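Results of the structural survey
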Amino acid sequence: MKSQVENLCAGVVSRADILAVAGRDSLGGTSWTVQLGRRDSTTASASAANTNIPFLALNLTGLISAFANKGFAAKEMVALSGSHTMGQARCAVFRTRIYNETNIDASFATSRKSNCPSAGGDDNLAPLDASSPTSFDNAYFKNLVSKKSLLHSDQQLFIGGSTDAQVNAYSTDVGSFRTDFANATVKMGNLSPLTGTSGQIRTNCRKTN
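Residues numbered from 1 in each chain as written. Predicted model: local features only at pLDDT ≥ 70, side-chain atom pairs only at ≥ 80, totals over all residues. Heavy atoms only, no water.

Applied cut-off: UniProt positions are given in the numbering used here, feature names are shortened, and annotations may be inferred rather than shown by experiment.
Looking up the chain in an unreviewed UniProt entry gives the name peroxidase, with the organism given as Morella rubra. In its Sequence similarities (unreviewed entry) section, the UniProt entry covering the chain states "Belongs to the peroxidase family. Ascorbate peroxidase subfamily."

**Re the packing of aromatic side chains**
Stated formally: Aromatic pairs are defined between Phe, Tyr and Trp rings, using the six-membered ring for Trp, whenever the two ring centres lie within 6.5 Å; interplanar angles under 30 degrees are classed as stacked, those over 60 as edge-to-face, and all others as tilted. Strands here mean DSSP runs of E at least two residues long; helices mean DSSP runs of H or I at least four residues long; both are numbered from the N terminus. Relative accessibility decides the category of a residue: with a 1.4 Å probe and only protein chains considered, values under 20% of the type maximum give buried, values over 50% give exposed, and everything between is partly exposed. Charges are assigned to positions over rings by a cutoff of 6 Å between ring centre and Lys NZ or Arg CZ, combined with an angular limit of 35 degrees from the ring normal.
Under the defined criterion, the tally for this structure stands at nine aromatic pairs. Ring geometry for Phe141 and Phe177: centres 5.0 Å apart, planes at 70°, overall edge-to-face. Separated by 36 residues along the polypeptide, Phe141 in helix α8 (residues 139-145) and Phe177 in helix α11 (residues 174-189) bring together distant segments of the chain. Given a relative accessible area of 0%, Phe141 falls into the buried group. Three or more aromatic residues joined by ring pairs form one cluster here, namely Trp32, Phe136, Tyr140, Phe141, Tyr170, Phe177 and Phe181. Seen from the ring of Phe72, Lys187 lies directly overhead, with NZ or CZ sitting 5.0 Å from the centre.

**Here we look at the state of the cysteines**
Inclusion rule: Here, a disulfide means two cysteine sulfur atoms that sit within 2.5 Å of each other.
This model, assessed by the stated rule, comprises one disulfide. What pairs with Cys91 in a disulfide is Cys116, and their sulfur atoms sit 1.9 Å apart. Across the S-S bond linking Cys91 and Cys116, the dihedral sits near 75°, which makes this disulfide right-handed. Of this pair, Cys91 sits in helix α6 (residues 91-100) while Cys116 sits in the loop between α7 (106-113) and β2 (125-127), and the two are 25 residues apart along the sequence. Grouping residues by exposure puts Cys91 and Cys116 together as buried. Here Cys9 is not disulfide-linked; the sulfur of Cys205 is the nearest cysteine sulfur, at 14 Å. The partly exposed category is assigned to Cys9, whose relative accessible area is 31%.

**With respect to helix α10 (residues 164-172)**
What counts here: What the arc describes is the spread of directions from the helix axis to the C-beta atoms. Two residues form a contact once any of their heavy atoms are found within 4.5 Å.
Among all positions in α10, only Asp164, Gln166, Val167, Tyr170 and Ser171 are buried. For α10, the angular spread of buried residues about the axis comes to 165°, placing them on one side. Of the exposed residues in α10, the ones pointing more than 90 degrees away from its buried face are Ala165 and Thr172. The elements touched by buried residues of α10 are α5 (74-81), α8 and α11.

Listed below in structure tokens is the structure:
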């Protein structure tokens with residue numbers, strides 16, 4: 001995509017904007033206006049990413065706090081978590097959940113173990129939403145209600161806590177979920193983007209100029 005854009009409009013459209021637009025358009029079933037004008041970073045930091053992205057082992061209180069630190073309410077956190085209705089996770093990430101946790105449907109755990117042994121197979125993949133892994137729908141929330149979430153941090157949203165009601169609501173109203181997800185995604189896209197003369201417009205998405 002970047003090379004085609006560069007051929008038409010060299011040095012104008014950033015990698016960051018391309019990702020934002022492509023991310024929206026890849027979902028299907030919902031849409032929002034992507035605010036454009038981002039510029040690309042001139043550095044990359046794994047430690048900064050790990051510091052800013054909520055840790056998968058967090059409990060509900062920790063998740064709410066992590067999102068609140070970025071200005072998001074618990075409802076927005078639940079909506080954004082619905083992105084896990086698509087995508088995959090590595091065995092190493094969900095092994096502890098399917099072997100050691102009790103708030104998980106037994107048959108679901110057994111089915112995941114077939115591709116994720118108790119030792120080895122760390123890079124084996126499983127869909128975050130086994131029922132409709134390529135559809136942007138509300139199956140993720142239905143999975144939470146039935147204790148069929150793949151990740152520990154996801155199931156924390158439905159453990160008898162303060163976010164249960166919102167999960168229940170989205171599980172029965174896909175339109176409400178999509179609307180709230182779109183609004184929260186626009187807000188997330190405004191978290192300190194590089195604009196103006198900050199950063200750069202990369203000519204190659206994989207590296208700085």
